[in-house]
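Chains, contacts and geometry: an overview
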Amino acid sequence: MLTRDFIEIEEKYGAHNYHPLDVVITKANGVWVYDVDGNKYLDCLAAYSAVNQGHCHPRIVKALQTQAEKVTLTSRAFRNDQLPFLYKELSELTGYQMVLPMNSGAEAVETALKAARKWGYKVKGIEENSAEIITCTNNFAGRTISIISFSTVEQYKDGFGPFTPGFRVIEYGNADELEKVINKNTAAFLVEPIQGEGGVIVPPEGFLKKAYDICKKNNVLFIADEIQSGLGRSGKLFAFEYEGIRPDAVIIGKALSGGCYPVSAVLSDKEFLGVFNPGDHGSTFGGNPLAAAVARESIKVLLEEKLIENSFNMGKYFRDGLAKIKSKHIKEIRGKGLFIGVELKQEANGARRFCEALMKRGILCKETHENVIRFAPPLVIKKEEIDWALPIIEEVLLMD
Ligand SMILES: *Cc1c(COP(=O)(O)O)cnc(C)c1O
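Every value quoted in this text rests on a predicted model; they were computed, and no experiment measured them. Position labels on residues start from 1 in each chain and follow its written sequence. Only residues with pLDDT of 70 or above have their local features reported here, since the model is predicted, and side-chain atom pairs are shown and tallied only from 80 upward, although totals for entire chains, interfaces and linings are computed over all residues. Side-chain numbers come from the whole structure's heavy atoms, not from hydrogens or water.

Helix numbering and strand numbering both begin at the N terminus, where a helix is a DSSP run of H or I of at least 4 residues and a strand a DSSP run of E of at least 2. Of the regular secondary structure elements, the protein chain holds 14 helices and 15 strands. Each radius of gyration reported is based on C-alpha atoms, and the globular scaling rule is 2.2 Å times the count of residues to the power 0.38. Its C-alpha atoms give the protein chain a radius of gyration of 21 Å, within 12% of the compact-globule value 21 Å for 400 residues. With the C-alpha coordinates of the protein chain rotated into their principal frame, the extents come out at 60 × 50 × 45 Å. Only protein chains enter the accessibility calculation, which uses a 1.4 Å probe; a residue whose area is less than 20% of its type maximum is buried, one above 50% is exposed, and one in between is partly exposed. Out of the 400 residues belonging to the protein chain, those deemed buried represent 55%. Throughout, the Shrake-Rupley method with a 1.4 Å probe supplies accessible areas, and for residues the shown protein chains are the sole cover considered. Element-wise, carbon and sulfur atoms account for 52% of the exposed surface of the protein chain, whose accessible area totals about 18200 Å². Averaging the coordinates of the 49 positive side-chain charges in the protein chain and doing the same for the 52 negative ones gives two points 3 Å apart. Here Asp and Glu are counted as negative and Lys and Arg as positive; His is not counted, and neither are the chain ends. Where a charge lies is defined by one atom per residue type, namely NZ (Lys), CZ (Arg), CG (Asp) and CD (Glu).

Quick look at the structure:
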């Protein structure tokens, strides 16, 4: 079977909720993926930063296999011998007292929203059913009905109403607006320290710190969605570290499992996550022993292989290399660590055709929004691999 045969079946039987590049991947290793026709590609998307540790990392795969042969799912009706250590290790790593495990990123965001509302009523004393959560323009936090209710991307909402009330949106990067919108009913401010799906947008320097101080002053929870920007992607464990703040809660997912299993979590202190009582919230698969074993090993790999430092250093190297490319199409190159966005000018006619051209030459990227090419390879990438990629990227960006 060739690429087109797989695509034909997929298009015939699958819902068309994605528009993937026409590459059918059959195996992967580190920063490299291989298609069914035998071609090899450098993966510059890393499954939206879920495979920060590199594809099929041998240690993570081993942890998955070992745990799969012991016990995979107990449900939280019973306890298992992996989850306590995931809690402890995450707490020791991040300094937060408590962890609440989920599966997908969206579920962890929903969990944080529920916790924020409950905290608003039980701790802050907000009048029943009037809690508000403030979010930012151009946000991405998942695809559930409540989450899309605060999206500012028309397509994400089109045809999906009625929406969940209780959200307000301020301009990303505008702390003054945050201060104006906060009122006695505000429970939390939910923000991506760097917006990923929004186009790798780094907010103006000082914004996060200012927003954080405003939240503290007004008894509003500051919740960082680090599902994509976290776990080394930005060159720090968490992107908020660049501004020296400590959010009240941090949401993680994606690379928490090195791409080997869906695992997400909310991290916070007792004052916040402590609002949950038995029966308030849950998930059949959340916190299962397979997930916990995989996540524990994924974190160890991230730390022991110094992937956060590598992201910082290689990110700088990659961005410096991109900055030397003299293309009429480039509007801006931005990012932190290996979280890099190249925004093209309107006249470039969209980023997709450049992604397709890169694919033909062995580099897999995905356009985000219309005009941004995201370069976010696994954090195991080496200098030689970037040196291999840069001339190819240059050739493609010099196209007409
Ligand atoms: C991907 C992402 C999510 C949603 O994660 P899913 O696992 O796809 O549900 C939430 N927030 C951010 C910032 C993300 O990048």
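On we go.
Right, let's get into the sheet that holds strand S9 (residues 249-252). In this analysis, strands are considered paired if DSSP registers two or more bridges between them. Spatial strand order, S4-S10-S9-S8-S7-S5-S6: seven strands in an open sheet with mixed pairing. Looking along the sheet, the strands with just one partner apiece sit at the ends: strand S4 (98-102) and strand S6 (167-170). For this sheet the average axis-to-axis angle between neighbouring strands, irrespective of direction, equals 20°. Where S9 meets strand S10 (residues 264-268), four bridges bridge the pair, whose relative direction is antiparallel. If you follow Ala249 over to S10, its bridge partner there is Ser268. Sheet strands in contact with helix H4 (residues 83-94) are S4, S9 and S10, and its direction is about 125° off that of S4. Each axis is a line fitted through C-alpha atoms, and for a helix only the stretch in contact is used; angles between axes span 0 to 180 degrees, taken between their N-to-C directions. It only takes one pair of heavy atoms within 4.5 Å for two residues to be counted as in contact.

Within strand S12 (residues 339-344), six of the six residues are buried, which leaves the element mostly enclosed by the surrounding structure. Neither face of S12 is exposed, since Phe339, Gly341 and Glu343 on one face and Ile340, Val342 and Leu344 on the opposite face are all buried. Bridge count between strand S11 (residues 330-336) and S12: six bridges; the pairing is antiparallel. If you follow Ile330 over to S12, its bridge partner there is Leu344. Between S11 and S12, which pair antiparallel one after the other, the connecting turn spans two residues, and Gly337 there sits at a positive phi close to 55°. Bridge analysis of S12 against strand S15 (residues 372-375) gives four bridges, and the strand direction is antiparallel.

Glancing now at the side chain of Asn288. Position of Asn288 relative to the elements: it lies in the loop between helix H10 (270-273) and helix H11 (289-304). We classify Asn288 as buried; its relative accessible area is 2%. Whenever a nitrogen or oxygen atom comes within 3.5 Å of another N or O atom, the pair is scored as a polar contact, on the condition that within protein one atom can donate a hydrogen and the other can accept it, and that pairs from neighbouring residues in sequence are kept only if both atoms are in side chains. One polar contact links the side chain of Asn288 to the main-chain carbonyl oxygen of Phe285, over a distance of 2.7 Å. A polar side-chain atom of Asn288 sits 2.8 Å from the main-chain amide nitrogen of Ala291.

Here we come to the pattern of salt bridges. Only one rule defines a salt bridge in this text: a Lys or Arg side-chain nitrogen within 4 Å of an Asp or Glu carboxyl oxygen. Applying the stated criterion to the full structure yields 23 salt bridges. Residue Arg59 pairs with Glu297 through a salt bridge whose shortest N-O separation is 2.9 Å. Placement of Arg59 in helix H3 (residues 58-68) and of Glu297 in helix H11 is noted, with a sequence separation of 238 residues between them. In this structure Glu297 comes out as buried when scored by relative accessible area, which is 17%.

As a further point, take the layout of surface pockets. Cavities and pockets are found on a 1 Å grid laid over the protein atoms alone: a cavity is a set of points where a 1.4 Å probe fits but cannot escape, a pocket is an open set with protein on both sides within 12 Å along at least five of seven lines, and a lining residue has an atom within 4 Å of such a point. Grid points are joined across faces, edges and corners, and a volume is the space filled by probe spheres set on the points. The computed volume of the largest pocket comes to approximately 1400 Å³. In terms of lining, the largest pocket is formed by 44 residues, of which the most central are Tyr18, Phe140, Arg143, Tyr156 and Glu197. Looking at which element gives the most residues to the lining of the largest pocket, the answer is strand S14 (residues 366-368), with three residues. All residues other than Ala, Val, Leu, Ile, Met, Phe, Trp, Tyr, Cys, Pro, Asp, Glu, Lys and Arg, Gly among them, are scored as polar; the first ten of these are nonpolar and the last four charged. The class makeup of the residues in the lining of the largest pocket is 17 nonpolar, 17 polar and ten charged.

This next bit is on the sheet that holds strand S1 (residues 25-29). The mixed open sheet is built from four strands, whose spatial order is S1-S2-S3-S13. With partners counted over all chains shown, the strands left at the sheet margins are S1 and strand S13 (363-364), one partner each. Where strand S3 (residues 40-43) and S13 come together, two bridges link them in parallel fashion. Bridge assignment links Leu42 to a residue of S13, and that residue is Ile363.

On domain assignment, one finds that the protein chain holds domain 1 (3-56 + 306-397) and domain 2 (58-304). Interface area, domain 1 with domain 2, both sides summed: about 2600 Å², of which 59% is carbon and sulfur. When residues of domain 1 are sorted by the area they lose upon contact with domain 2, Gln53, Ile308 and Phe339 head the list and together hold 28% of the total. At the surface where domain 1 touches domain 2, the tally comes to one salt bridge. Between Glu197 and Arg374 there is a salt bridge, with the nearest N and O atoms lying 2.8 Å from each other. In this structure, the connection of domain 1 to domain 2 is made through 22 residue pairs in polar contact (both at pLDDT 80 or more). Tallied by class, the residues present in the side of domain 1 that touches domain 2 amount to 16 nonpolar, ten polar and four charged. These domain boundaries are the output of an automatic or database domain assignment. By buried area we mean how much accessible surface two parts lose on assembly, using a 1.4 Å probe and totalling the loss over both.

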